[in-house]
Amino acid sequence: MPMVLQAAQDPSATVRECACFALGQISEHCQPEILSYSDQVLPIAFRLLDDSTVAVQATSCYVLEMFCERLEPDDVRPLLDPLVRKLAQMLETTTKRSVQEMSVAALAATAVAAEEDFAPYVDGVANLMSKMMVIKDEKLFSLRGRALECMGHMAIAVGKDNFRPYFTQTMQCACEGLTFDNTELHEFAYALFANLAKVMESEFSPALDELVPHLLAVLEQDEGCLEKQVEAQGEFGGLDDSDDEDEDGNYVIQVRTALLEAKKGAITAIGEIGAHCGAAFVPFLEKTVPLLQKAASNWHPLIKAQVAEALPSMVLPLVAAEHDGSVEWKKGDISGPSPLTPSTAAIANVVLKELMGLLKDDDKETVGKAAEAVQNVIESCGPHALAPVANECLEAVHALLTKSAPCQTSEDVEDYYDDEDDDHDSFMTSVCDLVGAICRVMGHHFVQYLPTFLPAICSFVKSSRPTSDRAMGMGCLGEIAQELGDGIRDHWKGVFLPAILAGIADPDHNVKRNAAFCAGVSCEGLGESATVDYVSILQGIGQMFGIDETASDTSAAAVDNASACVARMIMASPNNVPMPQVLPVFLSKLPLKNDMSENETIFKCLLGLLQMNNPDAIAQKAEIKRVFTEASSEGSKVDDELKQKLRMSLLTLG
């Protein structure tokens with residue numbers, strides 16, 4: 001990085017441009033590690049917006065776009081005002097289309113990073129975009145599309161109330177764009193519809209009667225297929241430069257790439273509209289679902305993956321219409337009456353059956369999306385929805401965990417490098433998350449399958465596996481322990497405890513973090529039966545408290561999860577925790593720095609100790625007051641309800 005940053009300030013414009021491009025590529029492909037350089041990259045990229053060379057200006061916009069997409073509001077806040085003003089000025093003064101497009105893209109990324117902090121700039125930026133959203137010159141349609149994209153990103157950033165004044169005009173411009181014969185412009189419009197449906201929710205519903213039929217018509221179009229190769233006749237019949245034949249020269253792929261991308265965008269829009277417009281989408285389900293089913297067998301993986309992502313959204317309109325937005329189901333309860341209405345049960349069954357096929361697809365991304373989709377449906381609808389496909393689902397998931405599924409047994413060369421492939425890691429993370437969801441829904445019914453599933457999951461936590469696999473496998477064990485509670489008893493000594501102790505001692509902080517979580521929820525679920533192992537667990541957790549939590553977010557999260565583990569162990573069996581030694585170290589790491597989801601666990605433990613008048617807690621009253629005061633302060637990330645409890649407790653602490 002020092003070399004690239006130095007080159008970005010080189011006297012040569014060519015060197016600066018190349019360095020900028022390198023920074024953009026690093027910012028795009030080295031996430032999240034690159035974010036630790038934000039205090040160095042952003043000022044340099046910002047200065048280069050004033051570069052005398054147009055190419056450098058455009059490339060610096062690219063750096064800002066790629067970099068800002070992943071930043072938090074706190075990171076971008078110091079530069080927000082000058083950055084927005086500079087990008088807006090460039091947009092108004094330049095006549096170079098490349099700079100205009102990159103400026104708009106950078107503004108959109110800045111809005112996403114700034115979130116609600118961008119609200120003061122919405123009116124000014126919207127006025128700039130309003131001029132571009134009505135461009136009629138075909139050569140500038142890409143700029144018109146970028147303007148639509150920027151409006152969609154601003155809506156996501158600032159929310160419904162702040163964006164409402166600009167909603168109608170933006171929708172009109174996007175719908176007008178659909179009347180032009182320009183597929184790229186249509187793609188930008190579909191992405192906008194997806195974002196605005198997500199933000200405006202029921203207020204988007206009036207557009208459905210006009211918009212949904214158009215989107216469904218896109219789904220019905222043929223974007224390409226495998227066709228039988230017709231043997232050429234005549235003098236030049238032997239000449240062929242196609243790269244798309246099979247070994248025997250029998251088939252050729254005919255693709256309309258632009259329409260393929262447009263169809264993908266239309267499916268995305270349909271999914272978001274179904275997810276966020278509630279009961280208003282119910283009348284469109286009858287036509288939409290069969291078209292998505294047909295698209296699920298599309299020849300192209302891009303389409304299949306997008307269908308997998310959209311299918312769960314077909315269940316949500318009926319949940320909104322017939323269940324007041326939420327299905328009340330009980331973990332593992334399939335003996336009683338179903339909480340699902342006949343209509344909801346029917347659509348959930350259709351969707352899940354389609355997803356079972358996609359779980360067995362030969363494309364990894366499609367399978368990963370299908371796993372996420374199954375998780376969404378069963379967590380929304382509960383065990384009665386899962387029951388009809390449970391056996392098929394468990395078989396498919398087990399095949400994936402044992403690397404015997406179709407997407408893992410193909411003969412493609414790239415599959416030999418699965419362990420180093422980031423896509424593979426991401427795809428298997430979705431599969432492991434689905435295991436946790438199945439446990440959450442099936443409850444004690446899943447205990448009988450542990451002897452089958454645990455060996456496959458534990459193969460990921462071996463020390464020989466990549467760190468991402470170890471963290472993923474450890475996280476999966478943690479979710480199983482959390483959801484099954486005492487159901488893991490028979491596997492505690494032989495599987496969970498050895499994996500936890502190895503994970504806590506792992507050099508990687510993500511693995512440590514997940515191992516600490518697994519230890520805590522295991523002790524919580526097993527109760528007194530795990531207390532014999534408290535000493536060995538606490539020895540490992542004690543080492544985690546020595547991690548420098550300021551080194552990185554991962555380091556801070558590891559310490560936070562170690563704290564939550566101790567809290568769960570105390571609540572499960574306070575008499576088996578050496579409180580005089582443990583409490584001072586535990587309190588010194590509070591409040592939590594990164595994993596705010598564990599705040600409830602931490603403060604439930606401390607408030608409980610105070611309620612019981614635990615003598616060791618009373619002895620640490622001053623330190624507990626400090627923790628409560630910091631956690632309930634205005635700048636704290638603790639949620640408001642919990643803050644109120646802490647403030648009430650402070651009054652009694654004196």
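From a predicted model like this one, the values you see are computed outputs, not experimental measurements.

## Section: the overall build of the protein chain
Then, in step 1: Looking only at helices and strands, one finds 30 helices and two strands in the protein chain.
Then, in step 2: Relative to a compact globule of 654 residues, whose C-alpha radius of gyration would be 26 Å, the protein chain shows 28 Å and is just as compact.
Then, in step 3: Residues classed as buried in the protein chain amount to 52% of the 654 residues present.
Then, in step 4: Partitioning the intrachain contacts of the protein chain with sequence separation of at least 6 by distance along the chain shows that 73% fall at a separation of at least 24.
Then, in step 5: For the protein chain, the exposed surface amounts to about 29500 Å²; the carbon and sulfur share of it is 50%.
Then, in step 6: Here the protein chain holds 49 positive side-chain charges and 98 negative ones, and the gap between their average locations is 7 Å.

## Some words on the packing of helix α26 (residues 579-588) against helix α27 (residues 599-611)
Then, in step 1: At a closest axis distance of 13 Å, the pairing of α26 and α27 adopts a crossing angle of 135°. The angle between α26 and α27 places the two elements in the oblique class. Seen from above, α26 lies across α27 with left-handed handedness. Between α26, through Met 579, Leu 583, Phe 586 and Leu 587, and α27, the contact on the second element is made entirely by Ile 602, Leu 606 and Leu 609.
Then, in step 2: When the residues that make up the contact of α26 with α27 are grouped by side-chain class, the tally is seven nonpolar, no polar and no charged.

## Topic: the nonpolar core
Then, in step 1: Formed by 226 residues in total, the largest nonpolar core has its most connected members in Phe 118, Phe 204, Leu 355, Leu 401 and Ile 480.
Then, in step 2: For this core, the element with the most residues is helix α8 (residues 141-177), which contributes 16 residues.
Then, in step 3: The residues touching Ile 480, leaving out its near neighbours within four places in the chain, are Val 435, Cys 439, Leu 450, Leu 454, Ile 457, Gly 485, Ile 488 and Phe 496.

## A closer look at the packing of aromatic side chains
Then, in step 1: Counted according to the given criterion, the structure contains nine aromatic pairs.
Then, in step 2: The interplanar angle of 40° and the centroid separation of 5.1 Å between the aromatic rings of Phe 141 and Phe 180 together place this pair among those described as tilted. Taken as a pair, Phe 141 in helix α8 and Phe 180 in the loop between α8 and α9 (183-200) lie far apart in primary sequence, 39 residues in all.
Then, in step 3: What makes Phe 141 buried here is its relative accessible area of 4%.
Then, in step 4: With 5.8 Å between their ring centres and 35° between their planes, Phe 281 and Phe 284 make a pair best called tilted.
Then, in step 5: Since its relative accessible area comes to 0%, Phe 281 is described here as buried.

## Some remarks on unusual backbone geometry
Then, in step 1: Going from Leu 590 to Pro 591, the amide bond is cis rather than trans, its omega being 0°.
Then, in step 2: At Asp 324, a residue that is not glycine, the phi angle is positive and equals roughly 55°.
Then, in step 3: Within the element layout of this structure, Asp 324 appears in the loop between α14 (316-322) and α15 (342-359).
Then, in step 4: Positive phi outside glycine occurs at Asn 613, with the angle close to 55°.

## Overview of the environment of Cys 150
Then, in step 1: Along the chain, Cys 150 falls in helix α8.
Then, in step 2: For Cys 150, a relative accessible area of 0% translates into the label buried.
Then, in step 3: As a C-alpha pair, Cys 150 and Arg 489 span 339 residues in sequence and 53 Å in three-dimensional space.
Then, in step 4: Apart from residues lying up to four places away in sequence, Cys 150 is in contact with Val 104, Leu 107, Ala 108, Val 125 and Met 129.

## Quick look at the environment of Thr 344
Then, in step 1: Of note, Thr 344 is situated in helix α15.
Then, in step 2: Once you skip the residues sitting within four places of it in the chain, Thr 344 turns out to touch Val 315, Leu 318, Val 319, Glu 322, His 323 and Cys 381.
Then, in step 3: Of note is the side chain of Thr 344, whose polar atom sits 2.9 Å from the side chain of His 323.
Then, in step 4: Polar contacts involving the side chain of Thr 344 include one to the side chain of Thr 341, which spans 2.8 Å.

## Digging into the pattern of salt bridges
Then, in step 1: This model, assessed by the stated rule, comprises 32 salt bridges.
Then, in step 2: Of the charged contacts, one joins Arg 647 and Glu 634 as a salt bridge, the two residues approaching to 3.8 Å between their closest N and O atoms. Taken together, the positions of Arg 647 in helix α30 (residues 640-653) and Glu 634 in the loop between α29 (621-631) and α30 put the pair 13 residues apart, joining distant regions of the chain.
Then, in step 3: With a relative accessible area of 31%, Arg 647 lands in the partly exposed category.
Then, in step 4: Linked by salt bridges that have partners in common, Lys 331, Glu 379, Arg 440, Glu 479 and Glu 483 make up one network.

## Let's talk about the confidence of the model for the protein chain
Then, in step 1: Scored by pLDDT, the protein chain has a mean of 91; 93% of the residues are at 70 or more.
Then, in step 2: Predicted confidence is poor over residues 232-243, with pLDDT under 50, and the contacts of this stretch with residues over four places away or in other chains come to three contacts.
Then, in step 3: Across residues 413-424, confidence stays below pLDDT 50; counting only partners more than four residues off in sequence or on other chains, it has 14 contacts.

## Considering the side chain of Lys 589
Then, in step 1: The residue Lys 589 is located in the loop between α26 and α27 in this model.
Then, in step 2: For Lys 589, a relative accessible area of 14% gives the class buried.
Then, in step 3: With near-sequence residues (within four places) excluded, Lys 589 lies in contact with Phe 545, Glu 549, Val 559 and Ser 563.

## Some details on the packing of helix α2 (residues 13-29) against helix α4 (residues 54-68)
Then, in step 1: Following both chains from N to C, one finds α2 and α4 inclined at 15°, their axes separated by 8 Å at the closest point. By the angle between their axes, α2 is roughly parallel relative to α4. Crossing angle aside, the handedness with which α2 passes α4 is left-handed. Between α2, through Ala 13, Arg 16, Glu 17, Cys 20, Phe 21, Leu 23, Gly 24, Gln 25, Ser 27 and Glu 28, and α4, the contact on the second element is made entirely by Ala 55, Val 56, Thr 59, Ser 60, Tyr 62, Val 63, Met 66 and Phe 67.

## Quick look at the side chain of Ser 563
Then, in step 1: Within the secondary structure, Ser 563 sits in helix α25 (residues 553-572).
Then, in step 2: What Ser 563 contacts, discounting residues up to four positions off in sequence, is Phe 545, Phe 586, Lys 589, Leu 590, Leu 592 and Ile 602.

## Some points on the environment of Ala 551
Then, in step 1: In this structure, Ala 551 sits in the loop between α24 (534-544) and α25.
Then, in step 2: It is 49 Å that separates the C-alpha atoms of Ala 551 and Cys 175, two residues lying 376 residues apart in sequence.

## Some remarks on a negative patch on the surface
Then, in step 1: Taken together, the side chains of Glu 72, Asp 75, Glu 115, Glu 116 and Asp 553 present a region of like negative charge at the surface.
Then, in step 2: Locating Asp 553 in the fold gives a position in helix α25.
Then, in step 3: Since its relative accessible area comes to 59%, Asp 553 is described here as exposed.

## Some details on α8
Then, in step 1: Between the first and last C-alpha of α8 there are merely 9 Å, a value that for 37 residues lags more than 12% behind the 54 Å anticipated at 1.5 Å per step.
Then, in step 2: Approximately 135° is the largest bend angle found in α8, and it occurs at Gly 159.

Definitions and limits used
Residues numbered from 1 in each chain as written. Predicted model: local features only at pLDDT ≥ 70, side-chain atom pairs only at ≥ 80, totals over all residues. Heavy atoms only, no water. Helix = DSSP H or I, 4+ residues; strand = E, 2+ residues; numbered from the N terminus. Rg over C-alpha atoms; globule rule 2.2 N^0.38 Å. Buried < 20%, exposed > 50% of the residue type's maximum accessible area, 1.4 Å probe, protein only. Contact = heavy atoms within 4.5 Å. Areas by Shrake-Rupley, 256 points an atom, 1.4 Å probe, with all protein chains shown as cover. Lys, Arg positive; Asp, Glu negative; His and termini not counted. Charge placed at Lys NZ, Arg CZ, Asp CG, Glu CD. Axes fitted to C-alpha atoms, helices over the stretch in contact; angles between N-to-C directions. Parallel < 35°, antiparallel > 145°, perpendicular 65-115°, else oblique. Left-handed = near helix turned anticlockwise from the far one by under 90°. Nonpolar A, V, L, I, M, F, W, Y, C, P; charged D, E, K, R; others polar. Core = buried A, V, L, I, M, F, W, Y, C linked by side-chain atoms within 4.5 Å. Phe/Tyr/Trp six-rings, centres within 6.5 Å; stacked < 30°, edge-to-face > 60°. Polar contact = N/O pair within 3.5 Å; in protein donor to acceptor, adjacent residues only side chain to side chain. Salt bridge = Lys/Arg side-chain N within 4 Å of Asp/Glu carboxyl O. pLDDT = per-residue confidence, 0-100. Patch = residues over 30% accessible without salt bridge, like charges linked within 9 Å, V, L, I, M, F, W, Y side chains within 5 Å. Expected span 1.5 Å × (residues − 1). Bend = angle between axes of the 7 residues up to and from the residue.

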